[in-house]
Amino acid sequence: MTGDVPFVDFSAHVGAMRSEIDQAVARVLDSGWFILGPEVEALEHELAAAFGAREAVTVANGTEALQLALAVRGVGPGDEVITTSLSAAFTALAIQAVGARPVFVDVDPLTLNLDPKEAARAVTARTKAVVPVHLYGHPADMDPILALGRQADLAVVEDACQAHGARYRGRPVGTLAGDDGLGALSFYPTKNLGALGDGGALLVGDAGIAARLRQLRNGGQTDRYRHGTPGINSRLDELQAAILRVSLRHLPEWTERRRAIAAFYGETLQDAGLGLPREQGYARSVHHLFVVRHGQRDALATALRQRGIGTLIHYPIPLHLQPAFAPLGGSPGDLPVVEKAAGEILSLPLYPEMTDAQTERVVAAVRAAVGPLSASA
Ligand SMILES: *Cc1c(COP(=O)(O)O)cnc(C)c1O
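Residues numbered from 1 in each chain as written. Predicted model: local features only at pLDDT ≥ 70, side-chain atom pairs only at ≥ 80, totals over all residues. Heavy atoms only, no water.

Caption draft 1: Representation of the sheet that holds strand β10 (residues 200–204) within the structure. Taken in spatial order, the four strands line up as β1-β10-β9-β6 in an open sheet, and their pairing is mixed. Two strands bound the open sheet, and with one partner strand each, they are β1 (55–59) and β6 (158–159). As defined by bridge partners, β6 adjoins strand β9 (residues 182–186) across two bridges and the pair is classed as parallel. The residue of β9 that forms the bridge with Asp 159 is Ala 184. Against the sheet, helix α3 (residues 38–50) makes contact with β1 and β10, and its axis sits at roughly 130 degrees relative to β1, the strand it touches most. (Pairing = 2+ DSSP bridges. Helix = DSSP H or I, 4+ residues; strand = E, 2+ residues; numbered from the N terminus. Contact = heavy atoms within 4.5 Å. Axes fitted to C-alpha atoms, helices over the stretch in contact; angles between N-to-C directions.)

Caption draft 2: Examining the pairing of strand β2 (residues 80–84) more closely. With five of its five residues buried, β2 lies for the most part within the structure. Burial of the side chains of β2 extends over both faces: Glu 80, Ile 82 and Thr 84 are buried on one face and Val 81 and Thr 83 on the other. Note that β2 and strand β3 (residues 101–105) share five bridges and pair parallel. Along β3, the bridge assignment pairs Thr 83 with Phe 104. Between β2 and its parallel partner β3, the chain crosses via helix α5 (residues 89–97), and the hand of that crossover is right-handed. As judged from the four bridges shared by β2 and strand β4 (residues 127–131), these two strands associate in the parallel manner. Pairing of Glu 80 across the sheet is with Thr 127, part of β4. (Buried < 20%, exposed > 50% of the residue type's maximum accessible area, 1.4 Å probe, protein only. Right-handed = clockwise from strand over helix to strand, strands pointing away.)

Caption draft 3: Structural context of the site of the ligand. Taken together, 14 residues surround the ligand, and among them Gly 62, Thr 63, Asp 159, Ser 186 and Lys 191 come closest. At 2.5 Å from an oxygen atom of the ligand is found a side-chain nitrogen or oxygen belonging to Thr 63. Contact distances for the ligand include 3.3 Å between a nitrogen atom and a side-chain N or O atom of Thr 91. About the coverage of the ligand: the protein hides 94% of its 380 Å² of free accessible area. Broken down by secondary-structure element, the contributors of at least two residues to the shell around the ligand are α4 (62–72) and α5. Here the residues of the shell around the ligand sort into four nonpolar, eight polar and two charged. (Near = heavy atom within 4 Å. Polar contact = N/O pair within 3.5 Å; in protein donor to acceptor, adjacent residues only side chain to side chain. Areas by Shrake-Rupley, 256 points an atom, 1.4 Å probe, with all protein chains shown as cover. Nonpolar A, V, L, I, M, F, W, Y, C, P; charged D, E, K, R; others polar.)

Honestly, that's just the spatial picture; any functional story needs more than this.
Written as structure tokens, this is what we have:
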């Protein structure tokens, strides 16, 4: 139907860059070099410059970026790693991949990001690291988290997989720990900076650590066929790197468009009777997702679907209640803020290729859908 607004629209996304992508792919095919070559090297320089990091190290996906960041900090079996219960499960799977135990804590009710006070309360003698997530593209409140890291001697690994280019007090996320900085980016296709396949990177504050990470992602090789340390295979390929170099050039304009759409939603839905995300004073959000809240979320999603508007829920099940993490012993009632939020959150369509007509259609549909719900609540 012509009036429909899908949750994402890859044909519009790829269509707008098609000739640039074709050229980039042709360049790699002509080069005859497909793994760890000039495209990856150039992309790493361009990522570091774009995101204000000392170095960037590309890897196969965001999950392994987190895993390798923890590994390079020496986090392993028997260690505890504090993280938020409201994230992609991959955040916690990366913690488990190094043999450590995720410790899930509750979120700040305003931003739905890791609550620094709850993180501090969760520290034990076994805690080795904390992984804040800049959820939905909005930075977590990092000053208290960095202070906790210094005070309790914890590695701080930023999960910036949803927050490419977001800023906290003027500084780019992923670099906030300075020389100790490790920030994970995902290039999953739906992310603000997406590959046409899987990809990821680490923003790194120290050249020596970056060099170690380049070994770890390539099987731990210190020289060709000499494996100095047990690494993994987590290489970004040249085709994806070449495509990402095209996308990276467009990211600033995409981010501006995301921010403009978020501002439009924020103004036009202000009095619509639902909870709206609010950019905090310390934050410059890149609006990976626009997540509203409503007590009758499922009915709202159904009404929007009937009006042709695609929505998703990020995320319906808090991590401490996921079946995969049941052995960690979480149970309902443990983390009340995240549990309440999980029943109320709904992500509206927000992507750079949306037309003004589409954003207006979303607003009209939300207003029309919320009205009857409030009346019957
Ligand atoms: C996407 C995402 C990941 C995982 O990234 P992949 O590239 O899919 O492995 C981790 N954490 C968060 C918050 C994400 O959004």
